[in-house]
Each structure stands twice: as C-alpha cells, then as structure tokens.
Amino acid sequence: MSLLSFNPDLGAIFGIVLVVFCAAIEGLAQVCLKKSALAAARFSPWLLLGLFLFGLEAVLYSGALRVLEVSVAYPVGALSFVAVILFSRGLLGEGVDRRRWRGVGWILVGCILVAG
C-alpha cells in the first residue's frame, strides 16, 4: 500500500497539485497548437509538442482521478483557462484586458472554494 492510501488528506492534496500541474500542461499545449497554426510550414514541431502535452496531461489527470472526486478535479481543472491566458501573454505576446484579468480572479476564487 502507498502512503497516499493511508492518509486521505495527503492524497487529496496530491491530487489537487496534480490537477493544477495538468492545467498548466494543458495551457502550454494550447499555446503550442496556436504556434503550430501560425507556422508557415505545413508541418510544425509545435503540433507534435502540443499533441504530446495533451497526451501527458491525460495520463496525469487520470492519476489525479484515482485520489480525487471528479466533482473536485474538474472545476479545479478550470485553471487551464488561467494557464492559457498567462502562456499566451508570455509566449505569444497576446494582450489581456482588465475584464479578462477579472475573469482570472473569479476562476481562482472558484477553484479555491471547490478545492478547500
């Protein structure tokens, strides 16, 4: 038996951290697909990276579901919207207006309420 099966609180914390990590991976994967779409070539390594990241996220998210209820994991996964905004701003130079930042704030509040 693993340490997570003996301590349910530790398992839940691990699951939430894993879902947050998955949200970051998904955000990066989305930006990779955008970079692929913007590439002049028909084939872009960004496409492969994006698809790989989506596959990795699916595997890790499945692991998180072993220790979390879907009713907790799925809403916390909304952090992927935050990750997309941050990565698209940082890696693609896209602008983010005040309304979107307020939306990010509400997403964070909702995730804290669900995960808490």
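Residues numbered from 1 in each chain as written. Predicted model: local features only at pLDDT ≥ 70, side-chain atom pairs only at ≥ 80, totals over all residues. Heavy atoms only, no water.

Enquirer: Quick one: what's the story with the overall build of the chain, residue by residue and with numbers?
Expert: When you go through the chain residue by residue, the secondary structure sums to 6 helices and 0 strands. Ordered by position in the sequence, the α and β elements of the chain form the string α-α-α-α-α-α. Across its three principal axes, the chain shows a C-alpha extent of roughly 55 × 35 × 20 Å. Taken over 116 residues, the chain has a buried fraction of 28%. Just so you have it, the chain exposes about 7,700 Å², and 69% of that area is on carbon and sulfur atoms. Across the chain, the 9 positively charged side chains and the 6 negatively charged ones have centroids separated by 14 Å. (Helix = DSSP H or I, 4+ residues; strand = E, 2+ residues; numbered from the N terminus. Buried < 20%, exposed > 50% of the residue type's maximum accessible area, 1.4 Å probe, protein only. Areas by Shrake-Rupley, 256 points an atom, 1.4 Å probe, with all protein chains shown as cover. Lys, Arg positive; Asp, Glu negative; His and termini not counted. Charge placed at Lys NZ, Arg CZ, Asp CG, Glu CD.)

Enquirer: Please provide a residue-by-residue account of the state of the cysteines, values included.
Expert: Counting across every chain of the model gives 0 disulfides. Cys111 supplies the cysteine sulfur nearest to Cys22, a cysteine that is in no disulfide, at a spacing of 13 Å. With relative accessibility at 1%, the residue Cys22 sits in the buried group. Judged by relative accessible area, which is 6%, Cys111 ranks as buried. (Disulfide = S-S within 2.5 Å.)

Enquirer: Describe the nonpolar core, with residues and values.
Expert: Counting 16 residues, the largest nonpolar core has Val19, Tyr61, Leu68, Ala73, Val76 and Leu79 as its most contacted members. Elements that contribute at least two residues to this core include exactly helix 2 (8-38), helix 3 (45-65), helix 4 (70-76), helix 5 (79-92) and helix 6 (98-115). Filtering out sequence-adjacent residues up to four positions away, Val19 remains in contact with Tyr61, Ala64, Leu68, Ala73, Val76 and Gly77. (Core = buried A, V, L, I, M, F, W, Y, C linked by side-chain atoms within 4.5 Å. Contact = heavy atoms within 4.5 Å.)

Enquirer: Would you mind going over helix 5 in detail, with residue names and values included?
Expert: In an α-helix, one turn spans 3.6 residues, which is why side chains three or four residues apart end up on the same side. For helix 5, spanning 14 residues, the distance from its first C-alpha to its last is 19 Å, which sits close to the expected 20 Å at 1.5 Å a residue. By the burial criterion, the buried members of helix 5 are Leu79, Ser80, Val82, Ala83, Ile85 and Ser88. (Expected span 1.5 Å × (residues − 1).)

Enquirer: So, the side chain of Ser80: which residues are in play, and what are the values?
Expert: In this fold, Ser80 is placed in helix 5. Taking the relative accessible area as the measure of exposure, Ser80 reaches 8% and is therefore buried. Aside from chain neighbours lying at most four places away, what touches Ser80 is Ala23, Glu26 and Gly27.

Enquirer: How would you summarise the environment of Leu60 if you had to cite specific residues and measurements?
Expert: Assignment of secondary structure puts Leu60 in helix 3. Along the sequence, Leu60 and Val19 sit 41 residues apart, while their C-alpha atoms lie 7.9 Å from each other. The contacts of Leu60, once residues within four sequence positions are left out, are Leu18, Phe21, Cys22 and Ile25.

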